[in-house]
Amino acid sequence: MRWSKYYIPTLKEAPADAEVTSHRLLVRAGLIRRLTSGIYSYLPMGLRAIAKVENIVREEMNRAGALELLLPAVQPADLWIESGRWEHYGKELLRFRDRHDRYCCLGPTHEEVITDLVRGEVRSYRQLPLTLYQIQTKFRDEIRPRFGLMRGREFIMKDAYSFDADDAGANRSYQAMYEAYKRIFERLALRFRAVEADSGAIGGSFSHEFMVLASTGEDSIVSCTRCDYAANVERAETRPPADKERKTVPAISEALTPDLTTVEQVAEFLKVQAEHIVKTILLEVDGKPLAVLLRGDHELNLIKVKNRLGAASVVLASPEQVREWSGSPVGFAGPVGLQIPLLADYALSSRDGWVCGACKKDAHLLNMSLERDVKPFEFADLRAIAPKDPCPRCGAGLETLRGIEVGHVFKLGLKYSKAMNAVFLDEKGREQWMIMGCYGVGVSRVVAACIEQNHDENGIIFPPPVAPFTVHLVNLDLKSAEVCARVEEIYAFLDAEGLETLLDDRDERAGVKFKDADLTGSPIQLFVGTKGLTRGIVEAKDRRSGAKTELPLDDFVASFRAFKNSVFAGWGLP
Ligand code: ATP
Ligand code: MG
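Draft legend 1. Layout of the overall build of the protein. If you tally the helices and strands in the protein, you get 16 helices and 31 strands. Projected onto the principal axes, the alpha-carbon positions of the protein cover approximately 95 × 65 × 45 Å. Across the 574 residues that make up the protein, the buried fraction comes to 53%. Summed over its atoms, the accessible surface of the protein is roughly 26400 Å², and 51% of this surface lies on carbon and sulfur atoms. Across the protein, 76 positive and 81 negative side-chain charges occur, with their mean positions spaced 0 Å apart.

Right, here's the structure in full:
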């Protein structure tokens, strides 16, 4: 492609609303333009990058046996009412009425549509398993669309759905998608982690998020420094402590703690460490009271409480509820004498003899023994993992990383097939619900995440598999017939090598061309000019490492191939 015939509107300045690097660079390098909040046009260069990602996704989906189709973007409300999501999906679901006053929505995802399709077609276990996928534009009316392609309202997603006759089959389908996702992100040459995510009611390891590692990522993940355990901090497990400190706890006593309602205040006043204080958090779980006991320096994880109890709603108790259930204002609740159900975090099993609230205004208890002073309760994993916690699998250290969620695989189980009655007949002719899974890749977000991970102060550093063009060939001297002839020769050679090349043939200063080459980020840059030709060389630059090499014209083919291989090797690619 010749730049002069192409459309690459590069900009010197980034738009004012661009808060993150990928957004700034996507606009400046001429890949996207904003139409309105959270909605972007993909310009030719941007579309090329998107297509690169789509093709790899498509190849890996096909390889895993998934079948491509294309579902409508506009969906009737009836299906969403059937699944129960018309009511529960928030304002992200863009709803509208057609001319006949029928309610519709723009698809933010396609579980309803695909379940409706499959229940109408699949009758027998012989037609299963079945995994269908599409690459399509989704619409989610995000409350805060931002960061360009990272969180748009309109975006491109690959979504796949699996249907199985039994649980073992559903797990195999899940595993096949998990492996396909790993191959996708490996082939894209991105540094990523597959992290365990919250699998809600299904439980087990049946939800993984694929995170592209980048310091600017919105998600926090923990990753083991020894084994391959990685998890979203929201979900990361903690284990019961291995050993317990044994000692006789002196008799319980009361201390006055006037107006001291936080762990920090009580710790300072009583001269104890926060980790020797039990904090009692009162919750309303599906309308009923629950007290959760945590070590003073730990944080509650509401999702864990919710999953443990299989509850639909878990919220913090109001000050009135705290007063009613504990007999004391907020800050003084404690487990002794409390008449509501109790759960204690695992960490509390490591020792005994605690400071805790006295269920009485302005008082705390000293030497509280969970075993001796508190009515029967259970220990459970209830807290957010902390940076110093060991890996729950192997006990080694954990590191905290930041990531961008680019993919999500999820076992749905019977959620939609039950609600929408998607059944098949098994071998014995009995009706059974299909077991489903859903699997998404944010195709447009992948391009943004790729740039968040790979850029420098001069611009984008595209990994070869995502780059709109692999080689950026620059003619430094349009007036020289010799240079022009050489450039054409090299351009034809690169084409014959199967390398997509962008030829900068603009009548511009060399400085502008160097800048634009770095900004647009092709992995390999080649510069042909009079000075080089008199010395018998073409200059080559590896955009990633910045390494420059002179390729001798009398051995151009071999030296170029060696250079290209070194660039690809730098990306860990063959
Ligand atoms: P997030 O937590 O980031 O809002 P999600 O968990 O709601 O995403 P899924 O429903 O799992 O997203 O969708 C599958 C994939 O689609 C995500 O992994 C992500 O890569 C992509 N995606 C989701 N929302 C957006 C968006 N607003 N803009 C761009 N890509 C998105
Ligand atoms: Mg997700």
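Draft legend 2. Examining the coordination of the magnesium ion (ligand 2) more closely. Around the magnesium ion (ligand 2), the protein contributes the donor atoms Glu405 (OE) and His408 (ND1), at 2.3 to 2.4 Å from the metal centre. Look at Glu405 and you get partly exposed, because its relative accessible area is 24%.

Draft legend 3. Region of the structure containing helix H2 (residues 44-63). Taking 1.5 Å of rise per residue, 20 residues should cover 28 Å, and H2 covers 28 Å from first to last C-alpha, within 8% of that figure. When we look at burial in H2, the residues that qualify are Met45, Gly46, Ala49, Ile50, Lys52, Val53, Glu54, Ile56, Val57, Glu60 and Met61.

Draft legend 4. A look at the pairing of strand E19 (residues 363-368). Two strands pair when backbone bridges link them, and strand E13 (residues 253-256) and E19 are joined in this way by four bridges, in the antiparallel orientation. Considered in E19, the bridge of Ala255 is made with His364. Pairing analysis gives three bridges linking strand E18 (residues 354-357) to E19, with the strands arranged antiparallel. Opposite Trp354, over in E19, you have Met368 as the bridge partner.

Draft legend 5. The pairing of strand E30 (residues 537-542), seen in detail. Across the six residues that make up E30, a large majority, five, are buried. The pairing of strand E29 (residues 524-528) with E30 spans four bridges and is antiparallel. Across the sheet, Ile524 pairs through a bridge with Asp542, a residue of E30. The pairing of E30 with strand E31 (residues 548-552) spans five bridges and is antiparallel. Opposite Ile537, over in E31, you have Pro552 as the bridge partner. Taking the residues between adjacent antiparallel strands as the criterion, E30 and E31 are bridged by five residues, where Gly546 takes a positive phi near 80°.

Draft legend 6. Spatial organisation of the side chain of Arg235. With respect to the helices and strands, Arg235 occurs in the loop between strand E12 (230-232) and E13. A polar contact of 2.9 Å, which involves the side chain of Arg235, links it to the side chain of Glu196. Once residues within four sequence positions are removed from consideration, Arg235 is found in contact with Glu196, Ala197, Asp198, Ser199, Gly204, Ser205, Asn301 and Lys304.

Draft legend 7. Quick peek at the pattern of salt bridges. Overall, the coordinates contain 45 salt bridges when judged by the stated rule. Across the pair Glu237 and Arg235 runs a salt bridge whose closest N-O atoms are separated by 3.3 Å. Its relative accessible area of 17% is what places Glu237 among the buried residues. For Arg235, a relative accessible area of 16% translates into the label buried. Taken together, the shared-partner salt bridges in this structure form one network comprising Glu59, Glu60, Arg63, Arg183 and Arg187.

Draft legend 8. Highlighting unusual backbone geometry. Between Leu128 and the following residue, Pro129, the backbone shows a cis peptide bond with an omega angle of 0°. With respect to the helices and strands, the residue Pro129 is situated in the loop between helix H5 (111-121) and strand E7 (130-139). Positioned with a positive phi, Asp259 is a non-glycine residue whose angle comes to about 60°. Residue position: Asp259 is located in the loop between E13 and helix H7 (263-270).

Draft legend 9. Fine view of the site of ligand 1. Not every one of the 14 residues close to ligand 1 is listed here, only the nearest: Arg140, Glu142, Arg151, Gly152 and Glu405. At a separation of 2.8 Å, a nitrogen atom of ligand 1 approaches a polar side-chain atom of Glu142. Between His408 and ligand 1, the recorded distance is 3.2 Å, taken from a side-chain N or O atom to an oxygen atom. When residues of the shell around ligand 1 are traced back to their parent elements, those giving at least two are strand E8 (154-164) and strand E21 (398-413).

Parameters and conventions
- Residues numbered from 1 in each chain as written.
- Chains lettered and ligands numbered in written order.
- Predicted model: local features only at pLDDT ≥ 70, side-chain atom pairs only at ≥ 80, totals over all residues.
- Heavy atoms only, no water.
- Helix = DSSP H or I, 4+ residues; strand = E, 2+ residues; numbered from the N terminus.
- Buried < 20%, exposed > 50% of the residue type's maximum accessible area, 1.4 Å probe, protein only.
- Areas by Shrake-Rupley, 256 points an atom, 1.4 Å probe, with all protein chains shown as cover.
- Lys, Arg positive; Asp, Glu negative; His and termini not counted.
- Charge placed at Lys NZ, Arg CZ, Asp CG, Glu CD.
- Donors = N, O, S within 2.8 Å, 3.2 Å for Na, K, Ca; no water.
- Expected span 1.5 Å × (residues − 1).
- Pairing = 2+ DSSP bridges.
- Polar contact = N/O pair within 3.5 Å; in protein donor to acceptor, adjacent residues only side chain to side chain.
- Contact = heavy atoms within 4.5 Å.
- Salt bridge = Lys/Arg side-chain N within 4 Å of Asp/Glu carboxyl O.
- Near = heavy atom within 4 Å.

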